Each structure stands twice: as C-alpha cells, then as structure tokens.
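In case you want the letters, here they are:
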Amino acid sequence: MKRISPIRSSRAEAPALLELKTSLQETQNALSHAYTAFDYASDPELTEACIYEIQSLQARINYLVRQIKEMEMCAATAVGAPAGRARWI
C-alpha cells in the first residue's frame, strides 16, 4: 500500500522550504517510533529516556512548523498575496 504524505509539495517551492517539509515528515516519523518505544519500555530509566526523546521531537516539530509558516508567509507576500492570507498545507 502506498503511503500518502500529509505534506503536499508543489513543484514551484523553494528548495529550503522543501527541505523543511522533508525534515518535518522525518521528525514526525521519529516521534511515532519514540511513542512505540515508550509503549514497550519496562525499565524506569528507559521510560524516562523515551519521555525526554518525545519532548525533544515535539519541540523540533513546533520549530519546523513555525519556520515553514514563516517561509510560506514571506513567499506569499513576495508573490503579492495579502498578509495573513497565505496558505499553509
């Protein structure tokens, strides 16, 4: 079964924006794996390590989303779209 990415990319996107979106997808996959590791952790120290990893990945996702939104706002403003009306996918 083919997996459909929740992040759609247009062919006209800047390479930096595409790289951010790719990094976001990879981080989301890593977060999914971290949650799985947490579910199977039995040692308290290992559980704590999983919690720190999950928090770290969530912080990275928040950062990447902010960067993507900012970059898309700049691109939309440069194209001539009114500020605040940029489309975030």
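Residues numbered from 1 in each chain as written. Predicted model: local features only at pLDDT ≥ 70, side-chain atom pairs only at ≥ 80, totals over all residues. Heavy atoms only, no water.

### Description of the overall build of the chain
As a reminder of what qualifies: Secondary structure is summarised from DSSP: a helix means a run of H or I of at least four residues, a strand means a run of E of at least two, and numbering begins at the N terminus for each. With a 1.4 Å probe rolled over the protein chains alone, any residue whose accessible area is under 20% of its type maximum counts as buried; one over 50% counts as exposed, and the rest are partly exposed. Should any heavy atoms of two residues lie within 4.5 Å, those residues are considered in contact. Each accessible area is a Shrake-Rupley result for a 1.4 Å probe, and residues are judged covered by the shown protein chains and nothing else.
A tally of helices and strands in the chain yields two helices and zero strands. With 89 residues in all, the chain has 24% of them scored as buried. Pairs at least 24 residues apart make up 46% of the contacts formed inside the chain by residues separated by at least 6 positions. Roughly 6900 Å² of accessible area belongs to the chain as shown, and the carbon and sulfur atoms make up 56% of that amount.

### Points about helix H1 (residues 15-40)
Inclusion rule: For a helix, the expected span equals 1.5 Å multiplied by the residue count minus one.
The first and last C-alpha atoms of H1 sit 38 Å apart over 26 residues, in line with the 38 Å expected at 1.5 Å per residue. For H1, the set of buried residues is Leu 17, Leu 20, Lys 21, Ser 23, Leu 24, Gln 25, Thr 27, Leu 31 and Ala 34.

### Some points on the nonpolar core
For the record, the criterion: Put simply, a nonpolar core is a bunch of buried Ala, Val, Leu, Ile, Met, Phe, Trp, Tyr and Cys residues held in one set by side-chain atoms that sit within 4.5 Å of each other.
Core analysis: the largest hydrophobic core is formed by 11 residues, namely Leu 17, Leu 20, Leu 24, Leu 31, Ala 34, Ile 54, Leu 57, Ile 61, Leu 64, Val 65 and Ile 68. Of all elements in the fold, only H1 and helix H2 (44-79) reach the threshold of two or more residues within this core. At six residues, H2 tops the list of elements feeding residues into this core. Contacts of Leu 31, omitting those with residues within four sequence positions, involve Ile 54, Leu 57, Gln 58 and Ile 61.

### A word on the pattern of salt bridges
Applied cut-off: Any carboxyl oxygen of Asp or Glu that lies within 4 Å of a side-chain nitrogen of Lys or Arg is treated as forming a salt bridge with it.
Under the definition given, this model contains one salt bridge. With a shortest N-O distance of 3.1 Å, Lys 21 and Glu 72 are connected by a salt bridge. Here the residue Lys 21 occupies a position in helix H1, and Glu 72 occupies one in helix H2, the gap between them amounting to 51 residues. Here Lys 21 matches Glu 72 in class, with each residue buried.

### Let's talk about the environment of Leu 20
Positionally, Leu 20 belongs in helix H1. Along the chain, Leu 20 and Leu 64 lie 44 residues apart, while their C-alpha atoms are 6.5 Å from each other. Sequence-distant contacts of Leu 20, that is, excluding residues within four places in its chain, are made with Leu 64, Gln 67, Ile 68 and Met 71.

### Side note on the environment of Thr 36
Definition in use: Two N or O atoms count as a polar contact when they lie within 3.5 Å, although within protein this holds only if one can serve as hydrogen donor and the other as acceptor, and sequence-adjacent residues are included solely when both atoms are side-chain atoms.
Within the fold, Thr 36 resides in helix H1. A polar atom in the side chain of Thr 36 sits 3.1 Å from the backbone oxygen of Ser 32.

### Side note on the side chain of Ser 23
If you trace the backbone, Ser 23 turns up in helix H1. With sequence-adjacent residues up to four places away left out, Ser 23 is seen in contact with Arg 60 and Leu 64.

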